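Per-entry structural report
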Amino acid sequence: LSPTKEGHGAPAADRLAMARLLAKGLPKTSVDTFELARRRRTYAYELLRYARRHWPAAELWFLIGSDSLATLADWRRPSELKRLGRWLVGKRPGAPAAAPAGFTVRRLKGLFPDIASTGLRARLYSGAGWKPLVEPAVARTIERRGLYGTRIHEELARTLSPGRYRHTLGVAALAADLAGRHGFDPAAAALAGLLHDCGRRFDPAGMARYARERRLPVPSRELTLNRAPLLAHAYVSAELARRRFGVEDREVLGAIAHHTLGRPKMTPFERLLYVADIA
């Protein structure tokens, strides 16, 4: 678990399997499970300590993009990072490339692809083209295992009307775009957009029944469920996102729950999905 992330879009076993698939096609490459075995956040200096213990005579190089290079001095224990490893930097389009003082840096020729992992996950969640950006064997694993929203897409296409599903894809794409423009996680925004109307699988009577059975926090619940049960779909969608699709991110769940009626003091992320729902 990276210190900069709250979770992952795929189970550890699947991420390990995909990493091993990639390693098969690279000469003299292997996958180490040190971070998985720890089952907690791992900082770069801890990884380098481990590598130094296991390969005491090796020259250690840590590969990063130039977008990360600018923040390297802010990483945990920078003096230890300088001492333990050297830094191999791939340039990303538009990213700063100045190296912090004291770090041994070598720059790769050419450019990294103009997409980061969060952008790729956003494409998967929003249904945009993604297969050309990953190795074919990895793409097959993603589809076979239903990772990064591919299984969600299958279920939504089956349980929503064609028009509602098209709307869902539009909201997911717009939410991801807005997130990228305003400093939010595009993948989280796309996931919120993908699931914001999943409760529309029920008719209004079904929504009311579902909301009552689970005591969902619909404002003025009985009055709303009796007179305008369709308004409960946002709360039903948030509950389905959590129960059915395993979403744990509170920001994503909050944005889904409040994308229709809103609420006082909405968070910026909630407002983002509220606006994206115009798609």
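Just above, that's the structure.
Residues numbered from 1 in each chain as written. Predicted model: local features only at pLDDT ≥ 70, side-chain atom pairs only at ≥ 80, totals over all residues. Heavy atoms only, no water.

Pairing geometry for strand β1 (residues 61–65) and strand β2 (residues 86–91), over five bridges, is parallel. Of the residues in β2, the one forming a bridge with Leu63 is Leu88. Here β2 pairs with strand β3 (residues 105–111) via four bridges, running parallel. Each bridged residue has a counterpart across the sheet, and for Trp87 the counterpart in β3 is Val105. (Pairing = 2+ DSSP bridges. Helix = DSSP H or I, 4+ residues; strand = E, 2+ residues; numbered from the N terminus.)

A few words now on the environment of Arg140. Relative to the elements of secondary structure, Arg140 occurs in helix α7 (residues 136–145). In this structure, the C-alpha to C-alpha distance between Arg140 and Lys265, residues 125 residues apart in sequence, is 43 Å.

Taken in spatial order, the three strands of this open sheet run β1-β2-β3, and their pairing is parallel. At either end of the open sheet lies a strand with only one pairing partner, and these are β1 and β3. Between one strand and the next, the sheet's axes are offset by a mean angle of 25 degrees, whatever the strand orientation. (Axes fitted to C-alpha atoms, helices over the stretch in contact; angles between N-to-C directions.)

Time to look at the packing of helix α9 (residues 162–182) against helix α15 (residues 268–276). At their nearest, the axes of α9 and α15 sit 9 Å apart, and the two run at 135 degrees to each other. Taken together, the axis directions place α9 and α15 in an arrangement best described as oblique. Considering the relative orientation of α9 and α15, their crossing is right-handed. Listed contacts from α15 to Val171, Leu174, Ala175, Leu178 and Ala179 of α9 are Leu272, Leu273, Val275 and Ala276. In the contact of α9 with α15, the residues fall into nine nonpolar, no polar and no charged. (Parallel < 35°, antiparallel > 145°, perpendicular 65-115°, else oblique. Left-handed = near helix turned anticlockwise from the far one by under 90°. Contact = heavy atoms within 4.5 Å. Nonpolar A, V, L, I, M, F, W, Y, C, P; charged D, E, K, R; others polar.)

In total, this model carries nine aromatic pairs according to the counting rule given. Pairing Tyr43 with Tyr45 gives two aromatic rings, centres 6.2 Å apart and planes at 25 degrees, and the pair type is stacked. With a relative accessible area of 7%, Tyr45 lands in the buried category. Through a chain of ring-to-ring contacts, three or more aromatic side chains come together here, namely Phe62, Trp75, Trp87 and Phe103. (Phe/Tyr/Trp six-rings, centres within 6.5 Å; stacked < 30°, edge-to-face > 60°. Buried < 20%, exposed > 50% of the residue type's maximum accessible area, 1.4 Å probe, protein only.)

Next up on the list: the packing of helix α8 (residues 150–159) against α9. Interaxial distance between α8 and α9 falls to 8 Å at its minimum, and their mutual angle equals 145 degrees. The crossing of α8 and α9 is right-handed. Along its contact with α8, which presents His153, Leu156 and Ala157, the element α9 presents Tyr165, Thr168 and Leu169. Tallied by class, residues from the contact of α8 with α9 come to four nonpolar, two polar and no charged.

Take the side chain of Glu80 next. Summarising the element assignment, Glu80 is placed in helix α5 (residues 78–84). By relative accessible area, Glu80 is classed as buried at 11%. Discounting chain neighbours no more than four positions away, the residues touching Glu80 are Tyr45 and Arg49.

Further remarks concern the pattern of salt bridges. Counted according to the given criterion, the structure contains 17 salt bridges. One salt bridge in this structure joins Arg86 and Glu59, with 3.4 Å as the shortest N-O distance. One end of the pair, Arg86, is in strand β2; the other, Glu59, is in the loop between α3 (44–54) and β1, and 27 residues separate them in sequence. Its relative accessible area of 35% is what places Arg86 among the partly exposed residues. A relative accessible area of 52% places Glu59 in the exposed class. Glu80 is the partner of Arg77 in a salt bridge, and the nearest nitrogen-oxygen pair spans 3.9 Å. Given a relative accessible area of 40%, Arg77 falls into the partly exposed group. A cluster of three or more residues bridged by salt bridges with shared partners is formed by Arg49, Arg77, Glu80 and Arg83. (Salt bridge = Lys/Arg side-chain N within 4 Å of Asp/Glu carboxyl O.)

Let us now look at the environment of Ser220. Note that Ser220 resides in the loop between α11 (204–213) and α12 (221–227). Judged by its relative accessible area of 54%, Ser220 is exposed.

Time to look at the nonpolar core. Ranked by size, the top nonpolar core spans 57 residues in total, and within it Ile142, Tyr148, Leu195, Val252 and Ile256 carry the most contacts. Here the element with the most residues in this core is helix α10 (residues 186–195); it accounts for eight residues. Look past the residues within four positions of Val252 in its chain and what remains in contact with it is Ala188, Leu191, Ala192, Val247 and Phe269. With 14 residues, the next largest nonpolar core counts Leu60, Leu69, Leu81 and Val89 among its residues. (Core = buried A, V, L, I, M, F, W, Y, C linked by side-chain atoms within 4.5 Å.)

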